[in-house]
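# Coordinate inspection notes
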Amino acid sequence: MDPIVIAERPTLLLITIAVVAIAALLLLIIKAKMHAFFALTIVSVATALAAGIGVGDTVNVIIEGFSKTVGTVALLVGFGAVLGRLVEVSGGAQVLADKMLDTFGEKKAPLALGVASMFYAFPIFLDAGFIVMLPIIYTVARRLRGSFMLYVLPSIGAFLTMHALTPPHPGPTAAATVMGADIGVVTIVAILIAIPTFYLAGYRLSLIIAKRYPDMPVPTLLGEPADVPAAQRPAFGTVIATLLLPLVLICFNTVMSTLEAGGTVDADNGIYQLSRLVGTTSMALLISALAAMLLLYILPRKGEKAGAALSSLVDDALAPVCSIILITGAGGAFGRVLTETGIGDTVAGGLDAVGLPVIVAAFLVAAAFRIAQGSATVAATTAGSIMAPAVMAMDLNPVAIAAIIVAIGAGSIGFSHVNDSGFWLIGRFCGFDTTTTLKTWSVVGTAIALVAFAVSSIVYVVASQI
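About the thresholds
- Residues numbered from 1 in each chain as written.
- Predicted model: local features only at pLDDT ≥ 70, side-chain atom pairs only at ≥ 80, totals over all residues.
- Heavy atoms only, no water.
- Helix = DSSP H or I, 4+ residues; strand = E, 2+ residues; numbered from the N terminus.
- Buried < 20%, exposed > 50% of the residue type's maximum accessible area, 1.4 Å probe, protein only.
- Contact = heavy atoms within 4.5 Å.
- Phe/Tyr/Trp six-rings, centres within 6.5 Å; stacked < 30°, edge-to-face > 60°.
- Lys NZ or Arg CZ within 6 Å of the ring centre and 35° of its normal.
- Patch = residues over 30% accessible without salt bridge, like charges linked within 9 Å, V, L, I, M, F, W, Y side chains within 5 Å.
- Areas by Shrake-Rupley, 256 points an atom, 1.4 Å probe, with all protein chains shown as cover.
- Salt bridge = Lys/Arg side-chain N within 4 Å of Asp/Glu carboxyl O.
- Axes fitted to C-alpha atoms, helices over the stretch in contact; angles between N-to-C directions.
- Parallel < 35°, antiparallel > 145°, perpendicular 65-115°, else oblique.
- Nonpolar A, V, L, I, M, F, W, Y, C, P; charged D, E, K, R; others polar.
- pLDDT = per-residue confidence, 0-100.
- Left-handed = near helix turned anticlockwise from the far one by under 90°.
- 1 Å grid on protein atoms, 1.4 Å probe; cavity = no way out; pocket = protein on both sides within 12 Å on 5 of 7 lines; lining within 4 Å.
- Points joined across faces, edges and corners; volume = space filled by probe spheres on them.
- Expected span 1.5 Å × (residues − 1).

### A word on the overall build of the protein
- When you go through the protein residue by residue, the secondary structure sums to 20 helices and 0 strands.
- Its C-alpha atoms put the protein at 65 × 55 × 50 Å along the principal axes.
- Buried positions account for 53% of the 466 residues belonging to the protein.
- Partitioning the intrachain contacts of the protein with sequence separation of at least 6 by distance along the chain shows that 81% fall at a separation of at least 24.

Structure representation (structure tokens):
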């Protein structure tokens, strides 16, 4: 795309435009009941024009933001929705739910779901992993006849925590790379910080919030629940193998990429090239969905009319997610418009220049980018680049540097609102309206940000004294 020409606007005016745009968006969706896809598109156009993006460039900016978001999300959501639906209709979700409840008990079901989500979220992106976990959450909530909120919020908290803080997720990985940090040390420190962060902000706070929604029904977005007789359900090992397959493939890619970056493996190595093909999240989910079709659906039915039924099942799984993909893409377009205005750069530059302690500045710079443009990955990557010269000049030990990187990840995950594509994606899959998403997803994410920052600050202070 040709360079974007943006008319000069005073910083205060740009910030005012952004605040008014967000307020208008909330009014259109909450009060006027306009569909989020149309509201986001309309406000994106108005914001671009008001912020000084030329008339000829406005549509291009919106299309670029929309297409970049959808290009990533559509494959993840599509393959993930099919995989999740197959796990549910085959009875696999019932098998996992029974095993989980038998092992941990009904009272510990929310915690068990959260812990399982943390493990699943370690190598896999938030949106893809959460969609695959949803049928299990649905099944547990239906079986225990409790509020859906009680079971879904701890899982959301787990995915938010791991996505923000731990490599190989893109935000902390990029921040660690630009600062020249040891990825292994960053991963260990991040996990140690993630555990108390999840328990306090992702789990305990979720239980408190869930009490405000005692009758939240279980959504049927992925289709009506399937009650499969016990004799026809797949074996526990088969279901676990199917769900672990994308994690194995993604970890394979991560390991080979690390070896290639360290010079142990050549870039033209056949195994390395294979890992790049099968280990990307979208391809890992595609392979796993195909494996689920075979292991959970076709083989148990011995091929008897399985083809036509499977095609119909895939259609049923994909149809409801089309609206979510469009809304998510429109959210990405709105974020792109705000990014092009330079609001985040202006605010972050000011924060970096006021002489705050380096870990505080790192957190606030990431938070400023998160609030301004929505993407946690962009916020962490950009904040890491801004803070890298100051951090590298301080001669800190690896643990102290890792604590700063975790603080950047913490700043990048909080304060989610309508310019965050994840806000719309997770909210719609959970059946939340906009207000409920703000009171749940946004609150939990912000609490995770603050707790993780507090714990990382303690680690930083202690490590700096060593």
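### Looking at the packing of aromatic side chains
- Scanning the model with the defined rule gives 7 aromatic pairs in all.
- Both rings, one in Tyr 138 and one in Phe 148, keep their centres 5.7 Å apart while their planes meet at 45 degrees; by these two values the pair is tilted. Of this pair, Tyr 138 sits in helix H6 (residues 126-144) while Phe 148 sits in helix H7 (residues 148-165); the two residues are 10 residues apart in sequence, bridging distant segments of the chain. The pair formed by Tyr 138 and Phe 148 is uniform in burial state, with each residue classed as buried.
- Arranged with centres 5.0 Å apart and planes meeting at 80 degrees, the rings of Phe 423 and Trp 424 form a pair that is edge-to-face.
- By the ring-pair criterion, three or more aromatic residues cluster together here, those being Phe 198, Tyr 199 and Tyr 203.
- Over the ring of Phe 236 we find Lys 99, and its NZ or CZ is 5.5 Å from the ring centre.

### Some thoughts on a nonpolar patch on the surface
- Residues Val 45, Leu 49 and Val 55 make up a contiguous nonpolar surface patch of roughly 250 Å² in combined accessible area.
- Within the secondary structure layout, Val 55 lies in helix H3 (residues 55-89).
- According to the relative accessible area criterion, Val 55 is exposed, its value standing at 68%.

### Some remarks on the packing of helix H1 (residues 11-31) against helix H14 (residues 321-341)
- It is the contact of H1 with H14, at a shortest axis distance of 11 Å, that shows an interaxial angle of 170 degrees. Judged by the angle between their axes, H1 and H14 are roughly antiparallel. Judged by residue contacts, Leu 14, Ala 18, Ala 21, Ile 22 and Leu 25 of H1 engage Phe 334, Leu 338 and Thr 341 from H14.
- Of the residues that constitute the contact of H1 with H14, the class distribution is 7 nonpolar, 1 polar and no charged.

### Looking at helix H19 (residues 421-429)
- In terms of burial, H19 is a largely internal element, 7 of the 9 residues being buried.
- Of the residues trailing H19, Gly 431 is marked for its positive phi of about 75 degrees.

### As for the environment of Ile 209
- With respect to the helices, strands and loops of the structure, Ile 209 is situated in helix H9 (residues 183-210).
- The exposure class assigned to Ile 209 is buried, which follows from its relative accessible area of 2%.
- Residues Ile 209 and Met 149, spaced 60 residues apart in sequence, show a C-alpha to C-alpha distance of 8.3 Å.
- Those residues in contact with Ile 209 that sit more than four places away from it in its chain are Leu 153, Lys 439, Thr 440, Val 443 and Val 444.

### Let's talk about the confidence of the model for the protein
- With 92% of its residues at a pLDDT of 70 or more, the protein has an overall mean of 84.
- Taking the mean pLDDT of every element in the protein, the minimum, 58, falls on helix H15 (residues 343-353) and the maximum, 95, on helix H20 (residues 434-464).

### A short note on unusual backbone geometry
- Phi at Lys 33 is positive, roughly 60 degrees, even though this residue is not glycine.
- For Lys 33, the location among the structural elements is in the loop between H1 and helix H2 (36-50).
- Assessed through its relative accessible area of 64%, Lys 33 is described here as exposed.
- Positive phi is not limited to glycine here, since Arg 145 has a value of about 55 degrees.
- Following the sequence through the fold, Arg 145 ends up in the loop between H6 and H7.

### Description of the side chain of Thr 166
- Along the chain, the position of Thr 166 falls in the loop between H7 and helix H8 (170-178).
- On the accessibility criterion, Thr 166 (0% relative accessible area) is buried.
- In this structure, Thr 166 is in contact with Phe 122, Pro 172, Ala 190 and Ile 191, ignoring residues within four places of it in sequence.

### Overview of the packing of helix H5 (residues 109-121) against H9
- Remark: H5 packs on H9, axes separated minimally by 11 Å, with the N-to-C direction vectors making an angle of 140 degrees. Accordingly, the angle class assigned to the pair H5 and H9 is oblique. With respect to the hand of their crossing, H5 and H9 are arranged in right-handed fashion. Seen from H5, the contacting residues are Pro 110, Leu 111, Gly 114, Val 115 and Met 118; seen from H9, they are Ala 194, Phe 198, Tyr 203 and Leu 207.
- Residue composition of the contact of H5 with H9, by class: 8 nonpolar, 1 polar and no charged.

### Brief notes about the layout of surface pockets
- Here the largest pocket defines a volume of roughly 830 Å³.
- Forming the walls of the largest pocket are 32 residues, and the residues nearest its centre are Thr 69, Ser 375, Ala 376, Thr 377 and Ser 421.
- Sorting the residues of the lining of the largest pocket by element identifies H3, H6, H7, H14, helix H16 (358-373), helix H17 (376-392) and H19 as the ones contributing at least two each.
- The computed volume of the second largest pocket comes to approximately 610 Å³.
- Around the second largest pocket, the lining is made up of 22 residues, and of these Pro 168, Thr 173, Thr 254, Ser 257 and Thr 258 lie nearest the centre.
- If you list the elements that add at least two residues to the lining of the second largest pocket, you get H8, H9 and helix H10 (236-261).
- At 7 residues, the largest contribution of residues to the lining of the second largest pocket is made by H10.

### Overview of H2
- For H2, built from 15 residues, the straight-helix expectation of 21 Å at 1.5 Å per residue is met to within 8% by its first-to-last C-alpha distance of 21 Å.
- Positive phi appears at Gly 52, one or two residues downstream of H2, with a value of about 105 degrees.

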